[in-house]
Amino acid sequence: MAEYEKQVRKKLSENGCYLVRHGKGDHDVWFSPITNVPITVATKIDSRHTANGILKRAGINYHF
C-alpha cells in the first residue's frame, strides 16, 4: 500500500500552503492561500482518494 503523506505535503508547500500548527493526535493544520481555508492533513495517508481530497480542498489541481 502506498503512503502519500510526504507527496501531499510537498505539493501543498509547492503551491504556497503552509503549516499552521500541529493538531491533536495524528493531524496537522495547514492553510491554503488559494482557497483561504485551513486544511486538516493526517500524518498517515494510505488512500489516494484521501490524498486527492486534501489537494482538492486546498485548491490544487493535481491527482495521484
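See the structure shown above.
Residues numbered from 1 in each chain as written. Predicted model: local features only at pLDDT ≥ 70, side-chain atom pairs only at ≥ 80, totals over all residues. Heavy atoms only, no water.

(A) Layout of the packing of aromatic side chains. According to the stated counting rule, one finds three aromatic pairs in the structure shown. Aromatic side chains Tyr62 and Phe64 sit 5.2 Å apart centroid to centroid with 85° between the ring planes, which places their arrangement in the edge-to-face category. With a relative accessible area of 33%, Tyr62 lands in the partly exposed category. Note on Phe64: relative accessible area 24%, which makes it partly exposed. Three or more aromatic residues joined by ring pairs form one cluster here, namely Tyr4, Tyr62 and Phe64. (Phe/Tyr/Trp six-rings, centres within 6.5 Å; stacked < 30°, edge-to-face > 60°. Buried < 20%, exposed > 50% of the residue type's maximum accessible area, 1.4 Å probe, protein only.)

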